[in-house]
Amino acid sequence: MNKSNIFTEAVYGFKSARRNILFRILVILAIVGIVICQFTPLSGGIKSLFSFSVDWLSQALPSSIAYKTAYFFNIIQLLLVIAFVNNDLRSCKFSGMESIRVRPFSNEEIVLGNFLGKLLLFTLVNFLTLGISILINATFYPHAFDFGIYLFYWLTLNLPALVFFLGVSFFVIRVVRQQALSFVILSVFFWGLIFWGAGWLNGLFDPCARHIPNMFSDFTGHVGMGNYLLQRGSVFLIGAGFLVLSIIPYARIPNHVLVFRKCLGIACVLFVFAGGLVFVYHLRHVTVSDCRETYKRVYDDYDQYPGAKIIRQDLHLKELENGGISVNSRMKIMNGSSDSIPLIMYLNPGLKITSFEVNGESVVFRREHQILVSNKELFPSETYDVSIHYEGNIENEICFLDVAPEEYNSPGVNALGIYYFGNTPAFCGKEYKLLTPECIWYPVCVPPYHLSGSRNISFTRYSLKVEHDPRLTAISQGNIIEKGEGEALFRFGHDVPGVSLCIGNYEEHEIMVDSTRVTLYFLPDHDYLLDGYNVPKDTLAKRLLTIKKELEHECIAYPENLTKEEWAVVNEMDDGTREYSEILD
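Conventions and cut-offs
- Residues numbered from 1 in each chain as written.
- Predicted model: local features only at pLDDT ≥ 70, side-chain atom pairs only at ≥ 80, totals over all residues.
- Heavy atoms only, no water.
- Helix = DSSP H or I, 4+ residues; strand = E, 2+ residues; numbered from the N terminus.
- Buried < 20%, exposed > 50% of the residue type's maximum accessible area, 1.4 Å probe, protein only.
- Contact = heavy atoms within 4.5 Å.
- Areas by Shrake-Rupley, 256 points an atom, 1.4 Å probe, with all protein chains shown as cover.
- Patch = residues over 30% accessible without salt bridge, like charges linked within 9 Å, V, L, I, M, F, W, Y side chains within 5 Å.
- Salt bridge = Lys/Arg side-chain N within 4 Å of Asp/Glu carboxyl O.
- Lys, Arg positive; Asp, Glu negative; His and termini not counted.
- Charge placed at Lys NZ, Arg CZ, Asp CG, Glu CD.
- Pairing = 2+ DSSP bridges.
- Axes fitted to C-alpha atoms, helices over the stretch in contact; angles between N-to-C directions.
- 1 Å grid on protein atoms, 1.4 Å probe; cavity = no way out; pocket = protein on both sides within 12 Å on 5 of 7 lines; lining within 4 Å.
- Points joined across faces, edges and corners; volume = space filled by probe spheres on them.
- Core = buried A, V, L, I, M, F, W, Y, C linked by side-chain atoms within 4.5 Å.
- Phe/Tyr/Trp six-rings, centres within 6.5 Å; stacked < 30°, edge-to-face > 60°.
- Polar contact = N/O pair within 3.5 Å; in protein donor to acceptor, adjacent residues only side chain to side chain.

Asker: Explain the overall build of the chain to me, and be specific about the residues and the numbers.
Answerer: Along its length, the chain carries 15 helices and 21 strands. Counting every position in the chain, which comprises 585 residues, the buried fraction comes to 44%. Contacts in the chain between residues far apart in sequence, at least 24 positions, make up 72% of those at least 6 positions apart. Of the roughly 29700 Å² that the chain leaves accessible, carbon and sulfur atoms contribute 60%.

This is the structure in structure tokens:
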């Protein structure tokens, strides 16, 4: 192929589309429409259209405004592509390019040049739209601005969609060769993929990736980068494959007899690579479903054995350099039944056991996924000291096994409007950790799952010592007994059903409300969240106390025969040292 010929065709295609009055009207409407949809409230009347205002959800994450811009532009560029590619059929009958088509330009050069011209034109419009959004975002909402995220969404969301739209459109108009019919076919096909294909095979064939989790968090980054890039890569390659295929039915005698074979070979290679990405994407989802079914089966196999009672558990957790955890668990376990039972425990399958001791002696145990079965029998009413040391990372597939597969895999589980946040039950990385009882990050004798859907609950007295990166903060329930640089010790004054742990880059604000300590943790750059609460601590404490009393009044059944004046007296007498029942008496 001759680069000069491709350049000539691309420049002509670019200029002819740019000079089209319809193109200019659509571009103006696109830019104005995106600004209105994003930065002005549509429910406040005409006056509100002249004041910049963004909903709170669009300010909560640095990717919200950037994603909304890319999302709306995908819809707009689809309209542009269908209109202008379909217009090529008319230009083929009546065009100044006839002087070029009689020259030794190859069909590949004509098709590729035309594609590049339109690709450049729509990309420039995309940059113009992103530029306006960046300007408004950085000026009015700098706390929710990240320039790199705009580039990411252009490269992974807008560009693959554009290549797909252009490639399929080029192929359809060359095969159908009728303007009105091509317009109908392309409209039905694209809109069908976007609106109905989004819910099929986890959004695999949706060119706009509307239902695929695609948001960024300041703590954890992208919610599902692997699956997202696999889907976007397949969309890009499929579009490129159809573009190459569109050369074959081009209504012009080719310059070489091997053009058909060559284009077909290149298209097949592109489709094979796209199929590989599709297969890996689908396999990742199937693997998760298979793992969850395996874990359910293992739970059911051991459901016949009664569980022991963990009276006390002391946990000592250390962070590992690779982002994992190393934990030493010391427990007092009692057999509360009238029969001898085997010692069976449950632990996240991603955590590998390095030692297992009962009463100071090592015991032989068998591991079957999340199940730990030791050769030690527990006699009735006897108490045993059990020590387990383990390390590794967390497998999230073990979480929420009682949730139906169609609901667990549904992208709408954690979505709001056009935003899909994904569903990650636990995090265990270098910079951020969020471990809940659901992921079984410490040994338990009563699993967080039952075939009937009704879980058993066991209360235990816990203590938790955490050694972590000194730059980070550890958060958990209970009272903080010791807190030093890179260390924290939590103790509980009563038995609880489980323990959660969060480790991240947090700053904290603390205030006492009666005898209750209220602590707010937030990311260092997110202190703008407190701008609306810039009041003296005494005033804030009174407001929180009022809210506390209102919540207590809603949650506890009080006599309904008290008047407002009597309730006012009760609230005045409530100093936080007595129960409401005492005051009412």
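Asker: Go over a negative patch on the surface, please, and point to the residues and values.
Answerer: A grouping of Asp146, Asp218, Glu507, Asp525 and Asp527 is seen on the molecular surface, where their side chains present a negatively charged patch. Its relative accessible area of 34% is what places Asp146 among the partly exposed residues.

Asker: How would you summarise the sheet that holds strand β5 (residues 341-346) if you had to cite specific residues and measurements?
Answerer: Reading across the sheet, the three strands line up as β5-β9-β8 and stay open at both edges, with antiparallel pairing between neighbours. Strands with a single pairing partner mark the edges of an open sheet, and in this sheet they are β5 and β8 (365-368). Here the average twist between neighbouring strands, direction ignored, is 25 degrees. Pairing of β8 with strand β9 (residues 371-378), which is carried by four bridges, proceeds in the antiparallel orientation.

Asker: Tell me what's going on with empty space enclosed by the protein, and back it up with residues and numbers.
Answerer: This model, assessed by the stated rule, comprises one cavity of 30 Å³ or more. Its volume calculated, the largest cavity comes out at about 30 Å³. What lines the largest cavity is Ile31, Ile34, Val35, Gln38, Phe39, Thr129, Ile132 and Ser133. For the lining of the largest cavity, the elements supplying multiple residues, two or more each, are α2 (21-39) and α7 (107-140). With five residues, α2 is the largest single contributor of residues to the lining of the largest cavity.

Asker: Before we move on, could you go through the nonpolar core and cite the residues and values that matter?
Answerer: Membership of the largest hydrophobic core comes to 81 residues, with the highest contact counts inside it found for Tyr67, Phe122, Tyr153, Phe164, Phe165, Leu166 and Phe190. Residue assignment for this core shows that the elements contributing at least two residues are α1 (3-18), α2, α4 (64-86), α7, α8 (147-176), α9 (179-195), α10 (225-245) and α11 (259-301). Per element, the largest residue contribution to this core is 17 residues, and it comes from α8.

Asker: Talk me through a positive patch on the surface; I want residue IDs and the actual numbers.
Answerer: A surface patch of positive charge is lined by Lys15, Arg18, Arg19 and Arg24. Here Arg24 is to be found in helix α2. For Arg24, a relative accessible area of 43% gives the class partly exposed.

Asker: Help me get a handle on the packing of aromatic side chains, residues and values and all.
Answerer: Applying the stated criterion across every chain yields a total of 31 aromatic pairs. Judged by centre distance (5.8 Å) and plane angle (35 degrees), the ring pair of Phe152 and Tyr228 falls under tilted. Of this pair, Phe152 sits in helix α8 while Tyr228 sits in helix α10, placing them 76 residues apart in sequence. Across the pair, exposure class does not vary: Phe152 and Tyr228 are buried alike.

Asker: Provide a residue-level description of the side chain of Ser326, including the pertinent values.
Answerer: Take Ser326: it is sitting in strand β4 (residues 325-334). Looking at Ser326, its side chain comes within polar contact range of the side chain of His389, at 3.2 Å. Not counting residues within four places of it along the chain, the set of residues in contact with Ser326 comprises His316, Leu317, Lys318, Leu320, His389, Tyr390 and Glu391.

These figures come from the coordinates and say nothing about function on their own.
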